[in-house]
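As a plain string of letters, each chain reads:
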Amino acid sequence: MFKIGDKIVYPMHGAGVIEKLETKEILGEKREYFIIKMPIGDMKVMVPVSNVEEVGVREIITPDEIDDIMSILRGHKTKMPQNWNRRYRINMDRIKTGDIHEIASVVRNLTLLDNEKGLSTGERKMLSNAKQMLLSELVLVTGDTYEEIEALVDKEIMENEGIEEEGDESEE
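Rules used in this analysis
- Residues numbered from 1 in each chain as written.
- Predicted model: local features only at pLDDT ≥ 70, side-chain atom pairs only at ≥ 80, totals over all residues.
- Heavy atoms only, no water.
- Patch = residues over 30% accessible without salt bridge, like charges linked within 9 Å, V, L, I, M, F, W, Y side chains within 5 Å.
- Areas by Shrake-Rupley, 256 points an atom, 1.4 Å probe, with all protein chains shown as cover.
- Salt bridge = Lys/Arg side-chain N within 4 Å of Asp/Glu carboxyl O.
- Buried < 20%, exposed > 50% of the residue type's maximum accessible area, 1.4 Å probe, protein only.
- Helix = DSSP H or I, 4+ residues; strand = E, 2+ residues; numbered from the N terminus.
- Polar contact = N/O pair within 3.5 Å; in protein donor to acceptor, adjacent residues only side chain to side chain.
- Pairing = 2+ DSSP bridges.

Undergrad: Account for a nonpolar patch on the surface, with residues named and values stated.
TA: A contiguous nonpolar patch, built from Ile26, Leu27 and Met46 and spanning about 320 Å² of accessible area, is present on the exposed surface. Taking the relative accessible area as the measure of exposure, methionine 46 reaches 34% and is therefore partly exposed.

The following block contains the structure:
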């Protein structure tokens, strides 16, 4: 079980620190909530303590795992469907897992695609959200500023610009 001060990831929102535990009455039902302070955007999120496992809350990665993330960002772009709608659904499913490795690959693929030919409005918003999730976790792991981490992520992605992986990842 998580406790105050733990650094955690709340899927679809990003990483944050459990600031406090509060009992709130919502719709006539009293429940305990973790109040999570997000490092980006000064946002706070309430998560029912009883739902943390169900919604996929997890601990942040360790500093040792950062190299894996950077290697994903430098990796080859995954071959994706040309149809933006199908591509959007595949990427959304990857983001919903809350797995930083999946999120990093979505950020890499969409950033490279944006540089190549531009993104639809929906994909641009998805990239922004996925990047914020990725950066929020890396900020908490490293202790670096948002700006420093964003510059590092952008630099890593741009090192592989134009390279495309043969075949689809799902065929491996």
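Undergrad: Residue-level account of the side chain of serine 136, with values.
TA: Within the secondary structure layout, serine 136 lies in helix α5 (residues 121-142). A relative accessible area of 3% places serine 136 in the buried class. Here the side chain of serine 136 touches methionine 133 through a polar contact of 2.9 Å, landing on its backbone oxygen.

Undergrad: Describe in detail the pairing of strand β1 (residues 7-10), supporting the description with residues and values.
TA: Here is the key point about a regular strand: its side chains alternate between the two faces of the sheet. Examined bridge by bridge, β1 and strand β2 (residues 14-26) share 4 bridges and lie antiparallel to one another. Residue lysine 7 lies in a different strand from β2, and its bridge partner there is valine 17. Connecting the antiparallel pair β1 and β2 is a turn made up of 3 residues, with methionine 12 showing a positive phi of about 75°. Note: β1 against strand β5 (residues 58-59), 2 bridges, orientation antiparallel. Each bridged residue has a counterpart across the sheet, and for isoleucine 8 the counterpart in β5 is glutamate 59.

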